[in-house]
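Below, each chain spelled out in residue letters.
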Amino acid sequence: MKRTKCLMVVCLFALASLLAADEVQLVSSVDFNKLLALLTSPPAGFAPVGKGEGSRVDMGMGSWSTAVREFKKGQKRVKISILDGAYIEQAYAAFNALKMFSYESSEGYVKGVTIKGHAGIRQFDNSSKKHTVMLLVANRFLVQWEGKKLASMEELDAVVDGFDFTGLAALR
């Protein structure tokens, strides 16, 4: 299913188009190094794969920052991505639509969920056995966990449960 790969791209393109709008009042995005700091400690039982990557893009009246890090446990992989859209609600239009969406087929499913008080999307691709969870934290940060070669969605849920939501929400 191409929805997982496209979701972050769709959100980024939506953000880029909105940054050009004159009426949008923006705050500066968080320094990507602060986002990367949240990804230094691996999930329980996992080890880091290489270094995390981060970036910041300034465009028009606003900016966004991203951080990504991958972790492994044997053949299992979990990639965690954080996008700071700096409170631009419209930048998350695609995400907000998908969180109210439910789709299930022989290929997998996409479902809106709430996890630890955060609205999100849970997705499973049957052909690749890829599990994905994406949550909106503090109406600002999109966090995505992408698991490969995991036994079940519950295994990815354990990684999500160990994430520092409070630390992320506190960033300014």
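About the cut-offs
- Residues numbered from 1 in each chain as written.
- Predicted model: local features only at pLDDT ≥ 70, side-chain atom pairs only at ≥ 80, totals over all residues.
- Heavy atoms only, no water.
- Phe/Tyr/Trp six-rings, centres within 6.5 Å; stacked < 30°, edge-to-face > 60°.
- Buried < 20%, exposed > 50% of the residue type's maximum accessible area, 1.4 Å probe, protein only.
- Lys NZ or Arg CZ within 6 Å of the ring centre and 35° of its normal.
- Pairing = 2+ DSSP bridges.
- Helix = DSSP H or I, 4+ residues; strand = E, 2+ residues; numbered from the N terminus.
- Axes fitted to C-alpha atoms, helices over the stretch in contact; angles between N-to-C directions.
- Contact = heavy atoms within 4.5 Å.
- pLDDT = per-residue confidence, 0-100.
- Core = buried A, V, L, I, M, F, W, Y, C linked by side-chain atoms within 4.5 Å.
- Salt bridge = Lys/Arg side-chain N within 4 Å of Asp/Glu carboxyl O.

Undergrad: What's the story with the packing of aromatic side chains in this structure? I'm lost.
TA: The relative placement of two aromatic rings is captured by the distance of their centres and the angle of their planes. Counting across every chain of the model gives 5 aromatic pairs. With a centroid separation of 6.4 Å and 15° between ring planes, the pair formed by F101 and Y103 is classed as stacked. Taking relative accessible area as the criterion, F101 reaches 35% and is therefore assigned partly exposed. The exposure class of Y103 is partly exposed, given its relative accessible area of 26%. A connected cluster of aromatic rings, assembled from ring pairs, spans W145, F163 and F165. In this arrangement the basic side chain of K111 is found over the ring face of Y109, its NZ or CZ atom lying 4.6 Å from the centre.

Undergrad: Honestly, the sheet that holds strand β1 (residues 47-59) in this entry has me stumped. Any pointers?
TA: Across a sheet, paired strands are connected by hydrogen bonds in the backbone, their directions being either parallel or antiparallel. Taken in spatial order, the 8 strands line up as β1-β2-β3-β8-β7-β6-β5-β4 in an open sheet, and their pairing is antiparallel. Strand pairing shows two members of the sheet lacking a second neighbour, β1 and β4 (102-105), which therefore form its edges. Ignoring which end each strand starts from, the neighbouring axes of this sheet average 15° apart. Bridging between strand β7 (residues 130-137) and strand β8 (residues 141-148) involves 7 bridges; their strand directions are antiparallel. Bridging from a neighbouring strand, L135 pairs with V143 of β8. On the sheet, helix α4 (residues 153-161) packs against β2 (62-73), β3 (76-84), β5 (108-115), β6 (118-125), β7 and β8 and is oriented at approximately 35° with respect to β7.

Undergrad: Looking at this model, I keep getting lost on the confidence of the model for the protein chain. Mind explaining?
TA: Overall, the predicted model of the protein chain reaches an average pLDDT of 85, with 83% of residues at or above 70. Note on residues 1-22: pLDDT is under 50 here. Beyond four places in sequence and across chains, it has 51 contacts.

Undergrad: Explain the pairing of β3 to me, please; I cannot follow it from the model alone.
TA: As paired elements, β2 and β3 share 9 bridges and run antiparallel to each other. The partner of R69 across the bridge, within β3, is I80. Counting the residues between successive antiparallel strands, the hairpin from β2 to β3 contains 2 residues, one of them, G74, with a positive phi of roughly 65°. With 8 bridges joining them, β3 and β8 adopt antiparallel strand pairing. Each bridged residue has a counterpart across the sheet, and for L83 the counterpart in β8 is L142.

Undergrad: Before we go on, may I ask you to explain unusual backbone geometry in this structure?
TA: Only a minority of non-glycine residues have a phi that is not negative, and only a minority of peptide bonds are not trans. Within the chain, K129 stands out as a residue other than glycine whose phi angle is a positive 60°. Note that K129 resides in the loop between β6 and β7.

Undergrad: What's the story with the nonpolar core in this structure? I'm lost.
TA: Soluble globular proteins: nonpolar side chains tend toward being buried together. The biggest cluster of nonpolar side chains holds 30 residues, and the ones touching the most others in it are I82, W145, L156, F163 and L168. Among the secondary structure elements, those contributing two or more residues to this core are α2 (32-37), β2, β3, β5, β7, β8, α4 and α5 (165-170). Among the elements that line this core, the one with the most residues is α4, at 4 residues. Look past the residues within four positions of F163 in its chain and what remains in contact with it is L39, I80, I82, V143, W145 and L168. Counting residues in each nonpolar core, the second largest holds 9 residues, with W64, F95, I121 and M134 among its members.

Undergrad: Is there a simple way to explain the pattern of salt bridges in this structure?
TA: For side chains bearing opposite charge, pairing can occur when the charged atoms are close. The final tally for this structure, using the stated rule, is 7 salt bridges. Taking the shortest distance from any N to any O, the salt bridge between R56 and D58 comes out at 2.9 Å. Take D58: its relative accessible area is 54%, and that puts it in the exposed class. With a closest N to O distance of 4.0 Å, K148 and E146 form a salt bridge. For E146, a relative accessible area of 8% corresponds to the buried category.

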